[in-house]
Structures are given as C-alpha cells and as structure tokens.
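In case you want the letters, here they are:
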Amino acid sequence: MALNDEPPFGPVVNGTMVVVFWEYRPSHAAAYLFLALFALATLGHLIYFAWLRAWTFIPFILGGVCQVFGYLERARAHDEPDKLDPWLLQNMMLLVAPPLLAATVYMSYGRVSAALLTGVSARAGRDKRGRGCCARCCYACWCRCSPTRAYVLVDVVAIFTQLIGTVLPASGTAEAQRLSKIVVLVGLFAQLAALAVFSIACGRLHARLRRDPSASRAMLADPRVHWLRHFSALEIAAAMLIVRSVMRGAEYLGGTDGVVASHEAFIFVFDALPMLATMIVFLLLHPSRLLREVACLERRIKPAEEFTELRAARRGRDVRVGNVRIGTASPEMLNSGVASQCDKFVYAPSVPNRFMS
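Cut-offs and rules
- Residues numbered from 1 in each chain as written.
- Predicted model: local features only at pLDDT ≥ 70, side-chain atom pairs only at ≥ 80, totals over all residues.
- Heavy atoms only, no water.
- Helix = DSSP H or I, 4+ residues; strand = E, 2+ residues; numbered from the N terminus.
- Buried < 20%, exposed > 50% of the residue type's maximum accessible area, 1.4 Å probe, protein only.
- Core = buried A, V, L, I, M, F, W, Y, C linked by side-chain atoms within 4.5 Å.
- Contact = heavy atoms within 4.5 Å.
- Phe/Tyr/Trp six-rings, centres within 6.5 Å; stacked < 30°, edge-to-face > 60°.
- 1 Å grid on protein atoms, 1.4 Å probe; cavity = no way out; pocket = protein on both sides within 12 Å on 5 of 7 lines; lining within 4 Å.
- Points joined across faces, edges and corners; volume = space filled by probe spheres on them.
- Nonpolar A, V, L, I, M, F, W, Y, C, P; charged D, E, K, R; others polar.
- Expected span 1.5 Å × (residues − 1).

A. Representation of the side chain of Glu251. Tracing the backbone shows Glu251 in helix α8 (residues 229-254). For Glu251, a relative accessible area of 16% corresponds to the buried category.

B. Structural view of the nonpolar core. If you look at the biggest cluster of nonpolar residues, it comprises 62 residues, and the most contacted ones within it are Phe38, Tyr71, Phe198, Leu209 and Phe231. Of all the secondary-structure elements, those providing two or more residues to this core are α1 (28-52), α2 (58-79), α3 (84-117), α6 (174-211), α7 (217-221), α8, α10 (265-284) and α11 (287-298). Here the element with the most residues in this core is α3; it accounts for 12 residues. Those residues in contact with Leu209, other than ones at most four positions away along the chain, are Leu116, Leu117, Ala215, Ser216, Met219, Leu228 and Phe231.

C. Region of the structure containing the packing of aromatic side chains. Applying the stated rule across the entire model yields 17 aromatic pairs. In this structure an aromatic cluster arises from ring pairing among Phe34, Phe38, Tyr71 and Phe268.

D. Just the layout of surface pockets, in detail. Estimates place the volume of the second largest pocket at around 530 Å³. Surrounding the second largest pocket, 23 residues form its lining, Val20, Trp87, Glu251, Tyr252 and Thr256 being those nearest its centre. Breaking the lining of the second largest pocket down by element, the ones donating at least two residues are α3, α6, α8 and α9 (259-262). Residues of the lining of the second largest pocket, tallied by class, amount to 11 nonpolar, seven polar and five charged.

E. Local environment of α10. Taking 1.5 Å as the rise per residue, α10 with 20 residues should run 28 Å; its terminal C-alpha atoms sit 27 Å apart, in good agreement. Residues of α10 that are buried: Ile267, Phe268, Asp271, Ala272, Pro274, Met275, Leu276, Thr278, Met279, Val281, Phe282 and Leu283.

What follows is the structure, encoded as structure tokens:
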C-alpha cells in the first residue's frame, strides 16, 4: 500500500512529493473490466488474423495487447499508487496503443479503396502505379496514388514522441516534466492532423462511390452487397481516434492538477470506450473479409474488356480499350449514324445519348 492513503499520490523524498503520479486512486474494478473487454476483442482479432491472414492487422493486435497490459498496470496502481513502475508502464501502453490501431486503419483504407476501385487480382497487386503519394491525393475525390505511406509515417512519429514523452518524467525534475509535456503534445497534434486529413479523404471517396457506383468494379458487378459499409467502419474508427487524441491533448495541456487529469472518468469514457469501439467495429466489418469477397467475385465476373463495356453502359458514354473505341447505343442512334465513330457497341436502350468529347 501507499505511504499516504489520500491523493495525490507520488514518490516522497525528505517529506516532499517529487512527482505527482495520480490525483486519485485508480479504480480497481474499472481497470479489470476494460482489461477483460480488450482481451476478448484482441482474441477475436487474433482469430481473424489466423483465418484471413490479415497481415496489416499486426499493429492492430499489438495495440490491443498494449491496451490489455495498460489496464493491468492501472489495476496494479490501485494498490501501489506511489510506485513508478505501474504509473510509467500504464501511461506508456495506453499512449502507444492508439497510434498502433491507427496504423492499421490507414493501411485498411488503402486496401479497401484499391479493392473496390481496381480489384485484388494478382495483376492489380503488382501494379506499381497504385503506390506512392502525391500532393493532391488527400484532396482529390480519388486518385491512383495512395497517401497511406504518409499517414503511417506520421503515425510512427506519433508513436516515438509519445514513448519518449512518457519516459522523461521518471527523472523527477521540473524541466523533464515540461519537456515531456511538449513532446507528447507534438505527437498528439501530428496524429490529429493525420486523422483529420484521412477523414476528409475517406469521406470524399465514400461520397463519390455512393454517387457513382460504376467507378467500382465490385459494386458494379454485385450492387446488392453493401460494400460501402467498410468506409463507414473506417470513418467511425477515425472519429474515435480523434476523440481520444483531443481528450489526451486536453489532459496534457491542463497539467497534472487539471480537470481531465484529476478525474479518472475521462480516461474510461474518452479513451477506453472509443478504443474498444474501434476494435469492435473492425470485428463486425473486417477489411480482410471485404478483400476475400472481392477476390471471390472477381473469379465470377466478366473479363476486363467486358467489364469496361458494362461500365460504359452504366454511365451512358463511350470509352477506349486499347485502340478500340467502345460506345453505347440505342437502335435509333445506330440507324441515324450518330454512333458510327465507334468501333464496337454495347446495346443499352435505356442509357442517355451522351458521348465523351
């Protein structure tokens, strides 16, 4: 037990508290409750990982493990609130876990968007043009360049800054605590910026595909399947991560005696619950299940040229496949000679008489 039974808690040297670890005694029951919930969610993702070979979910699973051990250390801190190890380890684990979850969210966006736009066939997987990043990626409705690498790079910076920031206060000096606050806030603001840009990009692509399903091969081939729910899952996960980052930013800006740091409820309501919701959302709508469904669909749908014809018929305009110009035409258009400039036609009597210039 602690030497003093009333908060604040921290190491006492020569009658003076060097560092304040806790402004309250951490809840034993709440810590074990979230430990159990995160352990179950992580176990579910481990099963999906083995079943679907979801390699991009390795950081996600590590994030779940960090959450489990973070709340284990909070439970331990209930009995040892003035010890350094429980406070330091829980702080480190709970700060590092969300960026690990975010890394998988970013990579899942790249895989989901690529699967819906270009497919998951071996040819699409070898297409180097679908990789990389450009300055306009984050603002375009969609483009072939993926900003995933930039998001993950920012996420790595966030992980290292928050790791460094959690270790610095252990020295007990005022300068180390001030520097720790600055380093952690830099990481949090970088993560917030990346999440904001990611949310805009994901939302715009989601809106585009909702307006024009013919842009997606899978959605065009089987419109009965709710493919776009996976974008909703990504947006919910990004929103939960933003809520958590804002709360942590407010905690560090307010200091150890601030409102957020002085009330444990903020940690459970605005950190534990959003991160748990993120893990549950991806259990319900796992991106690798979408990839598997798209791959199965690709084995059944028409070849690429016939798919292009189908897309042209849906959009009501002509396109090029190599040196062949494919157009849509009704019987009236063929009889009048309006469509004679095309080499091949898709009979589509219901499509509007529109042609590309």
